[in-house]
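Summary of structural features
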Amino acid sequence: WDPEGGEFYFNPKTKKVGRSSEDGKLKPMFVQFVLEQVWNVAGAFLMDPDAEKGAKIVAALQLSVPDRELRNTNRSEALRSVLSRWLPLAAAVLSMVVEQLPSPAAAQPERMCRLLQTAAPPDAVADEINALEESLRTCDPDAATTVAFVSKMFAPETSLA
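Quick look at the structure, then.

Rules used throughout
- The numbers attached to residues start from 1 for each chain and follow its sequence in the written order.
- The predicted origin of the model limits local features to residues at a pLDDT of at least 70 and limits the giving and counting of side-chain atom pairs to 80 or more, whereas totals for whole chains, interfaces and linings rest on all residues.
- To get the side-chain values, take all heavy atoms of the structure and skip hydrogens and water.
- Here's how the labels work: a residue is buried when its accessible area is under 20% of the maximum for its type, exposed when over 50%, partly exposed in between, all with a 1.4 Å probe on protein chains only.
- Note on conventions: DSSP H or I runs of at least 4 residues are helices, E runs of at least 2 residues are strands, and numbering of each starts at the N terminus.
- Read the arc as the range of directions from the helix axis to the C-beta atoms.
- Whether two residues touch is decided by their heavy atoms; if any such pair falls within 4.5 Å, the residues are in contact.
- Only the six-membered ring of Trp is used, alongside the rings of Phe and Tyr, when aromatic pairs are assigned; centres must lie within 6.5 Å, and planes under 30 degrees apart are stacked while those over 60 apart are edge-to-face, with the rest tilted.
- Nonpolar core, defined: a set of buried Ala, Val, Leu, Ile, Met, Phe, Trp, Tyr and Cys residues in which side-chain atoms within 4.5 Å join the residues together.

1. Section: helix H6 (residues 104-115)
- Those residues of H6 lying buried are Ala107, Gln108 and Met112. Looking straight down H6, one finds that the buried residues subtend no more than 150 degrees of arc, so they occupy a single side. In H6, the exposed residues that point more than 90 degrees away from the buried face are Ala106, Cys113 and Arg114.
- At its buried positions, H6 is contacted by helix H7 (126-137).

2. Details of the packing of aromatic side chains
- Within this structure, the stated rule accounts for one aromatic pair.
- Centroid distance Phe10 to Phe33: 5.6 Å. Interplanar angle 55 degrees. Geometry classified as tilted. Placement of Phe10 in strand E1 (residues 9-11) and of Phe33 in helix H1 (residues 29-47) is noted, with a sequence separation of 23 residues between them.

3. Here we look at the nonpolar core
- In terms of nonpolar packing, the biggest core is built from twelve residues, these being Val41, Ala42, Ala44, Phe45, Ile57, Val58, Leu63, Val65, Leu70, Ala78, Leu79 and Val82.
- Contributing elements (two or more residues each) for this core: H1, helix H2 (51-60) and helix H4 (75-86).
- Considering every element that reaches this core, the biggest residue donor is H1, with four residues.
- Leave out the neighbours within four places in its chain, and Phe45 touches Gly54, Val58, Leu70, Arg75, Ala78, Leu79 and Val82.

Following this line, the structure appears as structure tokens:
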């Protein structure tokens, strides 16, 4: 991974990875190893349908796709069926969200700063409000008070005419 950007190239003759393409003949690794494979699958099922080639790809990827889905007359559905078993995007996105987003308890202090007003409470109820705010910030399950926050969002108009 290159944080500054740039492409890496794989030379199949030398079996080495480099930063430059010799005479422009080599393809970037992402194109060579990812995009071309996806385009091959799409080509076999959608662009130039070939049942034999599609079955060969499914066997090579060791996917369990029912024959009726492979023989579907709607070729985009057949392609979707193969791709969803080969590259399960929904599972990948969900696992990434779980890994990257903070837990509710860790995110709560940041949320509370945005949801609660920062004005000083009246002196008569200051201690109770401060205790409530603290229990909300720390996600205290043993707090004496239960709070529900209901919000409605309004979409702004897209045109400012």
